[in-house]
Amino acid sequence: MALPPRWTFLLHLLAILLLLSSTKTFGSATDTEAEEEEFHEELLLKPLPDRKVLAHFYFETGAPPSNSNGHHHHLFPKAISQLVQKFQIKEMELSFTQGRWNYERWGGFDTISSNYAKPPGVELWAVFDVPKEQVDASWKNLTHTLSGLFCASINFLESSTMYSAPDWSFRQASGSLRYGTLPREAVCTENLTPWLKLLPCRDKAGLSALLDRPSIYRSFYHSQQLHLTSKPSDLEGLNLGIVLEQTLTVVLDPSSQRTSLTHISESYLQPSWSLSSIFGRKVNGKCVLAKSSNVYLQLERGLVAELKKNENYGADYIASEGFDGETSFELSVNPDRVLKEENSRHGIGSSFLYEFSVEKYSNSKPFDLGLTWKFPVIWSCQQAPLHSSRFLMGSGNENGAIAISLKSTDLNDSSLGANGASDGCELHVNIFQVVPWYTRVYYHSLQLFVDDQPKAVGDFVEKMHVLPSKDKISPGMMEMVLKLPCGVKSAALTLEFDKGFLHIDEYPPDANQGFDIPSAAISFPDFHASMLFPRNDSLKKSPMLSKFQEKSHVLSYTEVLLVPLTTPDFSMPYNVITITCTVFALYFGSLLNVLRRRVGEEERLLKRKAAGKTGRLSELLSRLSAKLSGRSQEPAQSPSNSSSLINSKLLLKVLLVVAFAVAWQYYFI
Amino acid sequence: MAEEISESPSHPPETSATPPPAPPQQQPESEIFDPKTMRKTKPGLKRLFLTFSVLLSFLVGFPFLFKSVEIYRSPLPFGDIDNVSSDIISNPLLFPCHLQAIFLHSNPKSSINLNLEELELSIRSKITKFTSEAPPQCGACTDNFTLSLTLDDRDCSQSPSSFYKCGTIRAVDLDFSDDESVDEALKSVDLDFGGKVYSVVVVNGGDVDGVKAVVGKYRHGWIVGRDWGVGEVGERLAETFVKVFLNGGREEGLIHGEFMPVGADGRIVLSFNLLNADPSDWIYDWDFQKIDETLLTPMLEALGPIANISVESQVLYHTPKSSFSSWDEKLGSYIFSTKDLPFFVSFPQVPDYALYVPSAKECPLLLQLPNGEISKTNAFISPMWGGVMVWNPQSCSRDSDSGLPVRHLISPEDLQMVFEVFVGQFRQLFGIKSDSLYVGALGTYSLLASEKGFTEWELDVLSRQHTCFNLHSSSTTLGSLSRLVQSLPRMIITDEIGKQVKFSLEAAKLALRNASLGVYDASAVSSRQARSLAEDAFFHPSIMSVSYYSFEHCFAVYSPFFLPVSMHVLLAALREWRRYKQEKAKYLLWKAKEKVTS
């Protein structure tokens, strides 16, 4: 080692630098390790005005950006992380829904109805972080992957006739958003099981153990969702932090479970329920991997106001936040905390949340929340400013019209009055509707009725984006912002359409059932569904409550429409082939026969026969032909008895045939 | 109904009560000419010609019809496929190998008294003996080797065409008690000449008793011993060359020779899973990132030419094993016998390598071999699938009865041990043993293990075998594709399939050529290409979807026209022909009669 001193100095310097850099990287490594993959599980229970109970399961798994390029996971499901990495998904939502959310009875103005009420069947939308020309390819691959992952026919969304790219009405995403629905997809356990597999505890422990399949699929409405958001942590966008939200919203009927309790006074009472009575199971402690595990019971604004009115029983209770015996209802478990909504905008009242922490409970002491009503309460849910419904008009198999009707709810008066008392106040309504190509919508026929009066479209439509359908290529899409006066009582939109003809291969199985037009999404950008709670640290720990605090547009989906199209007789092509071929064959055969006919010879033969046969036969034949041609019989010498005999025999035969036909008709058809 | 209507006209004559008229009694006008049996004119050919021309035109038209309803099939080179596959099957790949042996003496002054030619003959005969003993193995190169010997003493006598230059290695510099240093020293003089030559250094003398044989991490080994004869040295060398360098030190029948755990596209995804049987007892986690960087990455880089390997890991919870274990008093642990292994864990996803942490109820859990012993590694391998290892926490008591379990990290030392077992299992999937000793006929060889998981000579064996396996697989795939295509005449074959088949054949030919030239890496790559293209062609989506357009379908569409028409045409032709024959017979009869009368 005979190095010159300068070199050794440099080497030293290099070594020090290396050391420094290594400690630095080490430090950053520990920093990222501090941010671990997290899992939260929460359940929200809410009594609904129509004697039902809403259960909203919320699971959130978060993977922070790591330098392992998404290959190594501790809690986060590998399949989802690979999906995000592969298709560069910025945001995605997949929902499987059975049943229709009843906006009138179950509410239309809260976070649950705006975010977790979904159209029936499958709805998928995704925002990709790829160049615009690759978005379609990514979407197609994504549909196939999800189809395999969730055992559903999501792959049908691959075809360009099934998805659309809304620009602004559904969600702000310039060009990289794709949206598709399958209204007729049947949802069942085979979709739930892979969804549960994404949870670290699956359905073995924690709140997810409540998910008893028979009670869920017996429910009035259930919607199972998967929401993905990814955020690139560095500039290259390689290391993604992913948040996976899995929610299951179920509307259950607690009274159907119990049969014996039919007291006369109780028929007015709301049904009492407990976790074990609606799910048939109890919670045996939390999922040990979960960072937080809470159950919330929500009493909504209308209910709280009603309780307050009720002879001050509820008011005392709520004001003191204690537990008197004289309350309208009783909880079987004492809540750990009561959260009161901070209500700044609505003057109606504020909702209450009772928080129960599952951490204290275990196998020996299971958690079973029960709610028993003591006095009958009647209340109603908060409604969206306009109640929307959609229906078909017209009859026949040729054309028809789609109508979207918006009717004002009572909320309109009070809240809008507060919003702006002046006459210039406006109510904005976003409408997003996708129509399959075989219903050819004529967008020029758009008619608008405000308060049952036909109005010029231009006066009320602020912004409109129409993408007409292309036959067998893309569906028609309509995005529209309506600007209605605040005092509007009702508004209606109609669009005429022609029904298209499909190629024989394009009909789905059971085509006679009709074709679905997916739900339209109607949102109200002026209104935000959010609940505000007093700020403290414990709220930050609960991702569901922080989700509830986020402002989101009030959104509702309309009904799915069923359009009957002309369906052909599917054996028709073959029948056509057969009949054409038979005609051709007849023609050809007779042509051939004519060609090889020997007229002279046949005549000679006939003559010879006529000469030989002088008997009765020819006479009879000629008589018969004469009878058929309608001429009177010339040779009247022959005895009439034979002809009558023949006639009676013929008649008998004809009768026999008729009897046979009648019998056939009677017995076999 | 149709029958009844057609019947009715024929009824009246039958039902009439009058007896049928007597047959006409016709008297022949002349005795010779009977108009029933004879005719005077020649029967006409007009109608016969007409009907037959119609029939003929139909027959001629049929091929055109078939041509018009024919579906497009890209022409596949069936002949080429057969040629290549018969080529691969009939003459096994001949990889050229270069072997060299260098004889040194610990004392550089003294000379080695060995007869080179005699020795070479002896080695060659031994090598052929070993080769003939073992069944022919694909990817071996014992049929096509060159052997060069060097006596590196004062005289430096060499066999022709040897790579080695005398005096490069000096026995004095090597310390034979430290194998690693010898290995590195030999590596530093570049004995393998760019990865082409396998060499064994035979040192006479040295301070070891008996014979010590070592095979290093690269492409060389050495044998140190004293005073041996030509026969013994020859046998030793032949054994090292054949059994170790060329066959990879494996025994036959360990794992099927042609099996390679590589996917059709030449990719392997190694998925490592940590299974916590019951997280309410304890939760173990691992720092996989570090293991990946330190242990796995060098190995995967070394395996690069054979397969493109990626690694991923996950931790799963609530994965209890699905079969019971029994408590053993003597061992103080739970025993799981190997016969229950198929029911070990039912995984939600199929993993490749699983580290199973048992729950407190069954801790510690040991695996029992069929002979009653306890498995040393506590792991088992499942061929073509991966391996499972059971890892017991140090103290089998729960963290605390009341509180929630804490997340433990498996210590790096433990993890190191676990991954050594996994690497061993991975090697076993490739058919390479992980023992540090190879027991030959004449003694044992100690094998140095590489920190990369695979030594260079092992990688050579793998890449030779891999090439061979890929070529076999691509030829069988193409062969079955060609059989399938030929057996289903109504299957559409798109141009893309044709192209894939063509490229696959080209890649296979290239791999064959490269293999015969001894370019292992290039031939491995092109063989991989050949295989993946062949598989792509075979599993092309268009094959499956269209094979249902069958001949029956075609028949159903065309038969309503052709069946009735063909009946008309055939009957007409038949009748005319019969009539013509009859009339001709009449004419001939008359002619004959006329002759007789005249």
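Everything below is about the structure printed above this text.
Here's a quick rundown of the structure. Quick caveat: nothing in here was measured; it's all calculated off a predicted structure. (Residues numbered from 1 in each chain as written. Chains lettered and ligands numbered in written order. Predicted model: local features only at pLDDT ≥ 70, side-chain atom pairs only at ≥ 80, totals over all residues. Heavy atoms only, no water.)

## Focus on the pattern of salt bridges
- Per the stated rule, a full pass over the model turns up 35 salt bridges over all chains.
- One salt bridge connects Lys 217 of chain B with Glu 184 of chain B, and the closest N-O pair in it is separated by 3.7 Å. One end of the pair, Lys 217 of chain B, is in the loop between strand S5 (212-215) and strand S6 (220-225); the other, Glu 184 of chain B, is in helix H6 (residues 179-188), and 33 residues separate them in sequence.
- Here the salt bridges do not stand alone but share partners, grouping Lys 46, Asp 110 and Glu 300 of chain A into one network. (Salt bridge = Lys/Arg side-chain N within 4 Å of Asp/Glu carboxyl O. Helix = DSSP H or I, 4+ residues; strand = E, 2+ residues; numbered from the N terminus.)

## A short note on the packing of helix H3 (residues 46-69) of chain B against helix H14 (residues 551-597) of chain B
All names here are of chain B.
- Contact pair H3 / H14: the axes reach a minimum separation of 8 Å and the direction vectors enclose 160°. Here H3 is positioned roughly antiparallel relative to H14, judged by the angle of their axes. Seen from above, H3 lies across H14 with left-handed handedness. In this structure, H3 uses Arg 47, Leu 48, Thr 51, Phe 52, Val 54, Leu 55, Phe 58, Phe 62, Leu 65, Phe 66 and Val 69 to contact H14, whose residues at the interface are Phe 551, Cys 554, Tyr 558, Phe 562, Val 565, Val 569, Leu 570, Ala 572, Ala 573, Glu 576, Trp 577 and Tyr 580.
- When its residues are assigned to classes, the contact of H3 with H14 shows 20 nonpolar, one polar and two charged. (Axes fitted to C-alpha atoms, helices over the stretch in contact; angles between N-to-C directions. Parallel < 35°, antiparallel > 145°, perpendicular 65-115°, else oblique. Left-handed = near helix turned anticlockwise from the far one by under 90°. Contact = heavy atoms within 4.5 Å. Nonpolar A, V, L, I, M, F, W, Y, C, P; charged D, E, K, R; others polar.)

## Looking at the nonpolar core
- Ranked by internal contacts, the top residues of the largest apolar core, which has 125 residues, are Met 92 and Leu 94 of chain A together with Phe 272, Leu 303 and Phe 419 of chain B.
- In contact with Phe 272 of chain B, not counting residues within four places along its chain, are Trp 286, Phe 288, Leu 296, Val 311, Glu 312, Ser 313, Gln 314, Tyr 353, Phe 419 and Phe 422 of chain B.
- Core analysis: the next-biggest nonpolar cluster, separate from the first, contains 58 residues, Phe 95, Phe 241, Cys 468 and Leu 478 of chain B among them. (Core = buried A, V, L, I, M, F, W, Y, C linked by side-chain atoms within 4.5 Å. Buried < 20%, exposed > 50% of the residue type's maximum accessible area, 1.4 Å probe, protein only.)

## Regarding the sheet that holds strand S14 (residues 370-373) of chain A
All names here are of chain A.
- Pairing is antiparallel across the open sheet formed by three strands, whose spatial order is S9-S14-S11. At either end of the open sheet lies a strand with only one pairing partner, and these are strand S9 (273-274) and strand S11 (329-331).
- As judged from the three bridges shared by S11 and S14, these two strands associate in the antiparallel manner. Considered in S14, the bridge of Leu 331 is made with Leu 371. (Pairing = 2+ DSSP bridges.)

## Remarks on the state of the cysteines
All names here are of chain A.
- For the structure on display, the rule yields two disulfides over all chains.
- Linked covalently through their sulfurs, Cys 425 and Cys 486 form a disulfide whose S-S length is 1.4 Å. Here the disulfide of Cys 425 and Cys 486 is left-handed, its torsion about the S-S bond being about -125°. Taken together, the residues Cys 425 in the loop between helix H12 (411-419) and strand S17 (426-435) and Cys 486 in the loop between strand S21 (476-485) and strand S22 (490-499) connect sequence positions 61 residues apart.
- Judged by its relative accessible area of 12%, Cys 486 falls in the buried class.
- Each bonded cysteine in chain A gets a number by its place in the sequence, and the pairs come out as 1-2, 3-4.
- This cysteine, Cys 151, is not joined by any disulfide, and Cys 188 carries the nearest cysteine sulfur, 12 Å off. (Disulfide = S-S within 2.5 Å.)

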